[in-house]
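Observations on the model geometry
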Amino acid sequence: MRTRPHDGTAQLRLPGGVVPLEVAASYRARTRGLLGRDGVTGALLLTPAASVHTLGMRFAIDVAYLDRRLRVLAVRTMAPGRLGRPRLRARHVLEAEAGAMSGWGLVPGVTVGVEPAAP
């Protein structure tokens, strides 16, 4: 992410393909996150962020902590009602439905990309 991100849609470039991405860059969008939803199509990128919580969430999520170069630092599955530990080097947090990230091959050390949404 070389330019300052803004709220909206994009695509997440993974080693195995592309996934729809929603970007939450404003304070309001990051605060809301996935609260009040029954699921998510693709993933949600919270930026900047170093930790997340699942208080008030309706479903379990996978959480990937990313550094400033969008390299995965850690991947965790969080049940509803949990507080995530802050990651010191994390600058972004990627959220998806539980189990999705293992299917995408997201593991520590993998670098992802964020691209504009396809027209």
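Predicted model, so just to flag it, every value in this text is computed and none were measured. (Residues numbered from 1 in each chain as written. Predicted model: local features only at pLDDT ≥ 70, side-chain atom pairs only at ≥ 80, totals over all residues. Heavy atoms only, no water.)

**Quick word on the overall build of the protein**
Broken down by element type, the protein carries two helices and seven strands. Listed by position from the N terminus, the elements making up the protein come as β-β-α-β-β-β-β-α-β. Its C-alpha radius of gyration of 13 Å places the protein within 12% of the 14 Å reference for a compact globule of 119 residues. Reported as C-alpha extents along the three principal axes, the dimensions of the protein are approximately 35 × 25 × 25 Å. (Helix = DSSP H or I, 4+ residues; strand = E, 2+ residues; numbered from the N terminus. Rg over C-alpha atoms; globule rule 2.2 N^0.38 Å.)

**Examining the side chain of R87**
Tracing the backbone shows R87 in the loop between β5 (72-78) and β6 (92-97). Of the side chains with opposite charge, D62 lies nearest to the buried R87, which makes no salt bridge, at 12 Å. Beyond its immediate chain neighbours, meaning those up to four positions away, R87 contacts A50, Y65, A74 and R76. (Buried < 20%, exposed > 50% of the residue type's maximum accessible area, 1.4 Å probe, protein only. Lys, Arg positive; Asp, Glu negative; His and termini not counted. Salt bridge = Lys/Arg side-chain N within 4 Å of Asp/Glu carboxyl O. Contact = heavy atoms within 4.5 Å.)

**A closer look at the packing of aromatic side chains**
For any pair of aromatic rings, the description rests on two quantities: the centre-to-centre distance and the angle between the ring planes. As enumerated under the stated definition, the model contains zero aromatic pairs in all. Stacked on the ring of Y65, the Lys or Arg R87 has its end atom at 4.9 Å from the ring centre. (Phe/Tyr/Trp six-rings, centres within 6.5 Å; stacked < 30°, edge-to-face > 60°. Lys NZ or Arg CZ within 6 Å of the ring centre and 35° of its normal.)

**Some details on the nonpolar core**
Within the largest apolar cluster, 20 residues are counted, with the highest numbers of intra-cluster contacts made by L12, L21, L66, L94, L106 and V112. Elements with a contribution of two residues or more to this core: β1 (8-14), β2 (17-24), β3 (43-46), β4 (61-66), β6 and α2 (100-104). Those residues in contact with L21, other than ones at most four positions away along the chain, are G8, T9, A10, Q11, L12, A43, L44, L45, L94 and V114. If you look at the next biggest cluster of nonpolar residues, it comprises 16 residues, including L46, M57, I61 and V63. (Core = buried A, V, L, I, M, F, W, Y, C linked by side-chain atoms within 4.5 Å.)

**What about the pattern of salt bridges?**
Counted according to the given criterion, the structure contains four salt bridges. Between E22 and R37 there is a salt bridge; the shortest N-O distance is 2.8 Å. With E22 in strand β2 and R37 in the loop between α1 (27-32) and β3, this residue pair connects regions lying 15 residues apart in the sequence. Note on R37: relative accessible area 23%, which makes it partly exposed. For the salt bridge of D67 with R71, the shortest nitrogen-to-oxygen distance reads 2.9 Å. D67 sits in the buried class, given a relative accessible area of 8%.

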